Structures are given as C-alpha cells and as structure tokens.
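Here are the chains, one letter per residue:
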Amino acid sequence: MQVNVLNNYYAKNNIKPELGQEKVVNHTFSDVLQDSLQSNSAKQVKDSFAYSSKTTEVGEFKGTYPERLEQIHRLNEQTDWNALSDVEKVKLFESRYDRAFGDMDVIRSDLYYEYLSSHEVIKDDYGQEMDKYFGGNGKDGLVELKKPYSQCRREANYGSLSDEEIRAIIQSKYGKSNSMESKFVMLSELGENGVMKPGEHELRSCIRLQIFEKVEDANKFMLYGTGMKITDHPRFLDMFMSCAKGIGDSKNYTPNWTQVIDIAKGMLHPAKDAEGNAYLNEIRKGMDDFLDEILKRDL
C-alpha cells in the first residue's frame, strides 16, 4: 500500500496546500507556491498578547502557507516590542512560527529544504523576518536586543538550565523515535540552543546522505539505463520523506547508526599537526558518544 507522505503531512498540520501541490510533486521541484506569494488576501487573526513574563498570545493561523506568513508579518508589525524584555521578544517571535506551522522544528532543521518548496519558503521567511526585526544577532534590526538572539532563544526555551540539563531534555524529547528525521532534528535543536558537542554537527550531513542513498539504492534497477537521477523520479520527495520518517515503504527500515558514524569519521580530513589531531580525536569521541546514546536508548 503506497502512503502519500505529503497528503498526510498537510492533514496533520491542518494546512491547506496550494492548488496541485497535494497531488503532484514535479520532478524539477519547481516552487508551486510562487504565484500565491503574490496574493494580498491574508486572513485576519486575533492578537491578545499579554506583556508579562508569562507571555501568551491567542489566535488561530488559517489558510495556505503564504496566508499564514502574511498573518505573522502583520502581527510582527503591530507588536509593541519595546514593552517586552529581550527573552520575551524572542519567545514571541519564535512562537508565532511554531503556532502557524506545526512542524517548525523540522522546517528549521533544513532536512527537506532542498526538496520541499513549502519548507524553503517558510524557512526563508523566518530568516528574513528575524533579520528584519533583530538584525545580525540582535543588532541593526528594528528591535534592539541587549543579548545575542541565540542566548535569548535558549533562555526562552530552557531558562537558566545547564548545558547538560538542556541536552538531557532535548535527547528525551526525541528519544522515543529511532527515525533518521528525529535524530537529524534533535541535532539541529542541540545546535540552536548552543549545547551541540564536537562531532555532532558533522553527523547531520551524514544522516541526510544515508537517507538519500537508501532511496537511491531501492530504485537503482528501475533507473538503470534511463539516464535519470534519483531526484528526477516523480516520487522522490515522497520516498525521501518516508525513509526519513520511517513510514510507508520504509516502515520496517532500521537506520544503521554505526554506518552513519563510520561515514562521518571517514569524511574527516587528516590533520597536519598535533593540535589538529587532538581536535579530530575530540570529534571522533563526540560521534562515538552520540552512537552510544542511541544504542543505549534502543535497549
């Protein structure tokens, strides 16, 4: 039974896709949202934000991706940012995207950015709005931050918890799933909150590579002699997402994390001096610790 990951994705997040996007994934991955981005027909949304340390904002985001983005833009323009502390500013900004798009953690990770146009549009908008209001790490934007944006985001998410406490919470959050998507997003969240250890950044590209190669290997005989690349396959995105999530055709697939670690280690360039070798050893140890943590949680 074939599972349409995109249709399930839209239903899960209560989002209306653009016309044709829910049925067809073009092998060129053209931006199906381009025309709708020109639309000015954004729906109204209520904004009853309470300016306090216990910030709350009531309002439902509705419609297509562009319509929801326009709603966020309008709320940002209407906000009295000066009435908020630095942490409250960042918490409010981040929460709007989290509420408008149910899987913003996946979108921020960039796992599907290259292949899923909606993720590209949303992530680009998120970055542009962040730069518009907060500039380079809290400077040169419309809203001033006395502390770096990344530090404010960490405090908004985890208060004054230590690095190890934050890591434990994030690892527990994604520990119930062994999918490659969950581990990729987990690494991204560790990085966003400044608690990523040596070697973990390098693992992200290796996880993406294993997803790609798994899909490619499953279709190599069908593509043999056609001159087509796997990305030309009309179902490539659906297969890539299924493999990453461990559903559909890939529901019985168990990621080979030992292989992911070995590939990551093989991509490290030899060092030219003792200091460089010491750093490489630190990276390798970080990768081994990551593998140990996964295997321990799977027991």
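Check the entry above for the structure.
Here's a quick rundown of the structure. (Residues numbered from 1 in each chain as written. Predicted model: local features only at pLDDT ≥ 70, side-chain atom pairs only at ≥ 80, totals over all residues. Heavy atoms only, no water.)

1. Let's talk about the overall build of the protein
Helices and strands together make up the secondary structure of the protein, namely 13 helices and zero strands. In the protein, the succession of helices and strands from N to C terminus is α-α-α-α-α-α-α-α-α-α-α-α-α. Residues classed as buried in the protein amount to 45% of the 299 residues present. Considering only intrachain contacts with a sequence separation of at least 6, the fraction spanning at least 24 residues in the protein is 63%. (Helix = DSSP H or I, 4+ residues; strand = E, 2+ residues; numbered from the N terminus. Buried < 20%, exposed > 50% of the residue type's maximum accessible area, 1.4 Å probe, protein only. Contact = heavy atoms within 4.5 Å.)

2. Quick look at the pattern of salt bridges
When the charged atoms of two side chains with opposite charge come close together, those side chains can pair. Applying the stated criterion to the full structure yields 16 salt bridges. The partner of K123 in a salt bridge is D110, and the shortest N-O contact between them spans 2.8 Å. Taken together, the positions of K123 in helix α5 (residues 117–134) and D110 in the loop between α4 (104–109) and α5 put the pair 13 residues apart, joining distant regions of the chain. Among the residues examined, K123 registers a relative accessible area of 19% and is labelled buried. The partner of D288 in a salt bridge is K265, and the shortest N-O contact between them spans 2.7 Å. (Salt bridge = Lys/Arg side-chain N within 4 Å of Asp/Glu carboxyl O.)

3. Side note on α5
Over its 18 residues, α5 runs 25 Å from end to end, which matches the ideal 26 Å to within 8%, given 1.5 Å per residue. After α5 finishes, the residue G135 shows a positive phi value of roughly 60°. (Expected span 1.5 Å × (residues − 1).)

4. Notes on helix α12 (residues 257–266)
For α12, the complete set of buried residues consists of W257, V260, I261 and A264. One face of α12 carries all of its buried residues, which in axial projection span an arc of 95°. For α12, the N-terminal cap is N256; the gap from its side-chain oxygen to the backbone nitrogen of T258 is 3.3 Å. (Arc of directions from axis to C-beta. Polar contact = N/O pair within 3.5 Å; in protein donor to acceptor, adjacent residues only side chain to side chain.)

5. As for the environment of Q259
Checked against the element boundaries, Q259 lands in helix α12. For Q259, a relative accessible area of 38% corresponds to the partly exposed category. Between the C-alpha atoms of Q259 and Q210, which are 49 residues apart in sequence, the distance is 8.8 Å.

6. As for the nonpolar core
It is characteristic of soluble globular proteins that their nonpolar side chains tend to be buried jointly. In terms of nonpolar packing, the biggest core is built from 41 residues, with Y112, I170, L203, I207 and I211 touching the most fellow members. For this core, the leading source of residues is helix α11 (residues 236–245), giving seven residues. Filtering out sequence-adjacent residues up to four positions away, L203 remains in contact with L187, V260, I261, A264, M287 and F290. Within the second largest apolar cluster, 25 residues are counted, among which are I72, V90, F93 and Y133. (Core = buried A, V, L, I, M, F, W, Y, C linked by side-chain atoms within 4.5 Å.)

7. Comments concerning the packing of helix α9 (residues 200–218) against α12
Close contact between α9 and α12 brings their axes to 9 Å; oriented N to C, the two are set at 125°. Judged on the interaxial angle alone, α12 and α9 are oblique. Once α9 is placed against α12, the crossing between them reads as right-handed. Of the residues in α12, those in contact with L203, C206, I207, L209 and Q210 of α9 are W257, Q259, V260, I261, I263 and A264. Here the residues of the contact of α9 with α12 are counted per class, giving nine nonpolar, two polar and no charged. (Axes fitted to C-alpha atoms, helices over the stretch in contact; angles between N-to-C directions. Parallel < 35°, antiparallel > 145°, perpendicular 65-115°, else oblique. Left-handed = near helix turned anticlockwise from the far one by under 90°. Nonpolar A, V, L, I, M, F, W, Y, C, P; charged D, E, K, R; others polar.)

8. Observations regarding the packing of aromatic side chains
Counted according to the given criterion, the structure contains 14 aromatic pairs. Between the aromatic rings of F93 and F134, the centroid separation amounts to 5.4 Å while the plane-to-plane angle is 85°, which identifies the pairing as edge-to-face. Taken together, the residues span a long stretch of sequence, with F93 in helix α3 (residues 86–100) and F134 in helix α5 at a distance of 41 residues. Since its relative accessible area comes to 0%, F134 is described here as buried. Between Y112 and F240 the ring centres are 6.1 Å apart and the planes differ by 80°, which places this aromatic pair in the edge-to-face class. Here the residue Y112 occupies a position in the loop between α4 and α5, and F240 occupies one in helix α11, the gap between them amounting to 128 residues. Accessibility assignment for this pair places Y112 and F240 in one class, buried. (Phe/Tyr/Trp six-rings, centres within 6.5 Å; stacked < 30°, edge-to-face > 60°.)

9. Points about the packing of α3 against α5
At a minimum axis distance of 11 Å, the contact between α3 and α5 shows a crossing angle of 160°. The orientation of α3 with respect to α5, classified from their angle, is roughly antiparallel. As for how α3 packs across α5, the hand of that crossing is right-handed. Together, K89, F93, E94 and Y97 of α3 and D125, Y126, E129, M130 and F134 of α5 make up the contact between the two elements.

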